[in-house]
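In case you want the letters, here they are:
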Amino acid sequence: MAGNWRKNVREIAPYVPGEQSKDADLIKLNANENPYPPSPKVQEVFRSFDAAALRRYPDANSTELRHTLAEHFGVGDNQVFLGNGSDDVLALCFQTFFCSDEPILFPDVTYSFYPVWCSLFRIPFRKVPLTADYRIDPQDYAVQNGGVILPNPNAPTGIGEGLEFVETLLQNNPDSIVIIDEAYIDFGGTSCLPLLEKYENLVVVQTMSKSRSLAGMRVGYAIASPELIAALEAVKNSYNSYTMDMLTLDAATASVKDDAYFREICARVIQTRERSAQTFREMGFTVLPSQTNFLLVTHPEKSAKELFEKLRAQKIFVRYFNQPRVDNHLRVTIGTDDEMDKLFEALRNIM
């Protein structure tokens, strides 16, 4: 006998991540992953890890990693919150800080997980259009709202703004939590962490997936005032008190301690990005200015969707977004110099 239980099942359009593949011959430039391996100190952790320790639960407070990050950024241990990648951290931020009847605000072209969380947690929201040149105008956020979230640098545009931009945003929103998603900050952006001392309503979220090459381990963190971090911890511990495993905690700690390798890898990605941007321009593409590990490009005469499909047929994955304002753009992750050369060779053959 058929029941009416389906009315109680939540229906939602989920976030769609970049396509993954196990093909070893693939050139994968579609998910903003780092083309270089993690710090050698991370590999040392793998070699020396005692698997017998896994019979115990991990440190629910992530004490050592929390302290290492706090020391690295010059903040207190009680100003650091950790989670399984920045997506986990951001989802908990949405649940913790966006509890108003007023809509939260974020750009119309931005990280596509934001509206998904709003739908999942039933948070009202309003998309604020980017300017004609794909920038965020902080004055557009000087309206009544239930909170503000945006990436800086923005994604998928790659455009970053400075401290003055974020401070204007904060000054315009003294009664709202402002979350700045700095997933790509290490590739040339300007972090707003120095503003934490002045603004207690600021939350800064970062990840180790991009610049520290730990996408496969899922390490994210938020830095904010002790009061806001305590609120995040309360929500996390009401849901899942053990959000990170032992091996991840040890590997992430080792990565943060190897600052020299971190800086070297970021510099290599930036150098390749600038060379690649110039090559795209020489081929007739328009390239948005990027402070990330990717480029958003468009060609005045060539269909982005067609280029995407032809590259995919040659086992070169880039990202195509079938959405307004960027539906004739490709987002291209910065790979190694060799991978980028192969991409440009393929483009010359199909254009």
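Criteria and thresholds
Residues numbered from 1 in each chain as written. Predicted model: local features only at pLDDT ≥ 70, side-chain atom pairs only at ≥ 80, totals over all residues. Heavy atoms only, no water. Helix = DSSP H or I, 4+ residues; strand = E, 2+ residues; numbered from the N terminus. Buried < 20%, exposed > 50% of the residue type's maximum accessible area, 1.4 Å probe, protein only. Pairing = 2+ DSSP bridges. Right-handed = clockwise from strand over helix to strand, strands pointing away. Axes fitted to C-alpha atoms, helices over the stretch in contact; angles between N-to-C directions. Parallel < 35°, antiparallel > 145°, perpendicular 65-115°, else oblique. Contact = heavy atoms within 4.5 Å. Arc of directions from axis to C-beta. Polar contact = N/O pair within 3.5 Å; in protein donor to acceptor, adjacent residues only side chain to side chain. 1 Å grid on protein atoms, 1.4 Å probe; cavity = no way out; pocket = protein on both sides within 12 Å on 5 of 7 lines; lining within 4 Å. Points joined across faces, edges and corners; volume = space filled by probe spheres on them. Nonpolar A, V, L, I, M, F, W, Y, C, P; charged D, E, K, R; others polar. Domains from an automatic or database assignment. Buried area = accessible area lost by both parts, 1.4 Å probe. Salt bridge = Lys/Arg side-chain N within 4 Å of Asp/Glu carboxyl O. UniProt positions renumbered as here; feature names shortened; annotations may be inferred.

(A) Spotlight on unusual backbone geometry. With an omega of 0°, the peptide bond between Asn152 and Pro153 qualifies as cis. Position of Pro153 among the secondary structure elements: in the loop between strand E5 (148-151) and helix H5 (163-171). Omega for the peptide link from Ala155 to Pro156 comes to 15°, which places this bond in the cis form. Within the secondary structure, Pro156 sits in the loop between E5 and H5. Despite not being glycine, Lys315 has its phi angle at roughly 65°, a positive value. Relative to the helices and strands, Lys315 is located in the loop between helix H9 (304-313) and strand E11 (316-317). What makes Lys315 partly exposed here is its relative accessible area of 37%.

(B) Layout of the pairing of strand E6 (residues 178-181). Side-chain alternation along E6 places Val178 and Ile180 on one buried face and Ile179 and Asp181 on a second face that is also buried. Pairing of E5 with E6, which is carried by 4 bridges, proceeds in the parallel orientation. Its bridge partner being in E6, Val148 is matched across the sheet by Val178. In the classification by handedness, the crossover that spans E5, the intervening H5 and the parallel E6 is right-handed. Sheet topology places E6 next to strand E7 (residues 202-207); 4 bridges connect them, and they run parallel. Bridge assignment links Ile180 to a residue of E7, and that residue is Val204.

(C) Seen up close, the packing of helix H3 (residues 85-97) against helix H6 (residues 226-237). It is at 9 Å that the axes of H3 and H6 come closest, and there the two elements cross at 105°. As far as their axial angle goes, H6 and H3 are roughly perpendicular. Counting all contacts with H3, which are made through Leu92, Cys93, Gln95, Thr96 and Phe97, the residues of H6 involved are Leu228, Ala231, Leu232, Val235 and Lys236.

(D) Quick peek at H9. Along H9, the positions that sit buried rather than exposed are Ala304, Leu307 and Leu311. Down the axis of H9, the smallest arc covering the buried residues is 60°, so these residues share one side. Its buried side turned inward, H9 meets E11, strand E12 (319-320), strand E13 (330-333) and helix H10 (337-350). Capping the start of H9 is the job of one residue whose side-chain oxygen sits 3.4 Å from the backbone nitrogen of Lys305: Ser303. With its phi angle positive at about 65°, Lys315 sits one or two positions after the end of H9.

(E) Highlighting empty space enclosed by the protein. Counted by the stated rule, this structure contains 1 cavity of 30 Å³ or more. Its boundaries defined by the atoms lining it, the largest cavity holds a volume of some 50 Å³. The wall of the largest cavity is formed by Pro38, Ser39, Ser211, Arg212, Ser255, Asp258, Tyr261, Phe262 and Ile265. Looking at the lining of the largest cavity element by element, the count peaks at 3 residues for helix H8 (residues 259-282). For the lining of the largest cavity, the per-class residue count stands at 4 nonpolar, 3 polar and 2 charged. Residues from two domains meet in the lining of the largest cavity; each of domain 1 (6-38 + 260-350) and domain 2 (51-258) gives at least three.

(F) Geometry of the domain arrangement of the protein chain. Partitioning the protein chain into domains gives domain 1 (6-38 + 260-350) and domain 2 (51-258). With centres defined by C-alpha atoms, the gap from domain 1 to domain 2 works out at 24 Å. Every contact between the two is made by 33 residues of domain 1 and, on the other side, 34 residues of domain 2. Roughly 2,900 Å² of surface becomes buried between domain 1 and domain 2 when both sides are summed, with 58% attributable to carbon and sulfur atoms. On the domain 1 side of the contact with domain 2, Tyr15, Gln291 and Arg325 bury the most area, a combined 26% of that side's loss. Between the two partners, domain 1 and domain 2, sit 1 salt bridge.

(G) Geometry of the packing of H8 against H10. Between H8 and H10, the shortest axis-to-axis distance is 11 Å and the interhelical angle comes to 10°. Considering their axes alone, H8 and H10 lie roughly parallel with respect to each other. Each of Thr272, Arg275, Ser276, Thr279 and Phe280 in H8 lies in contact with H10, whose residues at this interface are Asp337, Met340, Asp341, Leu343, Phe344, Leu347 and Arg348. Class assignment for the residues of the contact of H8 with H10 results in 5 nonpolar, 3 polar and 4 charged.

(H) Layout of the UniProt feature "modified residue: N6-(pyridoxal phosphate)lysine" (unreviewed entry) in the protein chain. Residues annotated in UniProt with the feature "modified residue: N6-(pyridoxal phosphate)lysine" (unreviewed entry) correspond here to Lys210. Mapped onto the secondary structure, Lys210 falls in the loop between E7 and strand E8 (220-223). Those residues in contact with Lys210 that sit more than four places away from it in its chain are Ala31, Asn32, Asn34, Ala183, Tyr184, Phe187 and Asn293.

(I) View of the sheet that holds E12. Judged by pairing direction, the sheet is antiparallel, and its 4 strands sit side by side in the order E9-E10-E13-E12 without closing on themselves. Both edges of this open sheet fall to strand E9 (286-287) and E12, since each of them pairs with a single strand only. Two elements, E12 and E13, share 2 bridges in a ladder whose sense is antiparallel. The partner of Arg319 across the bridge, within E13, is Arg331.

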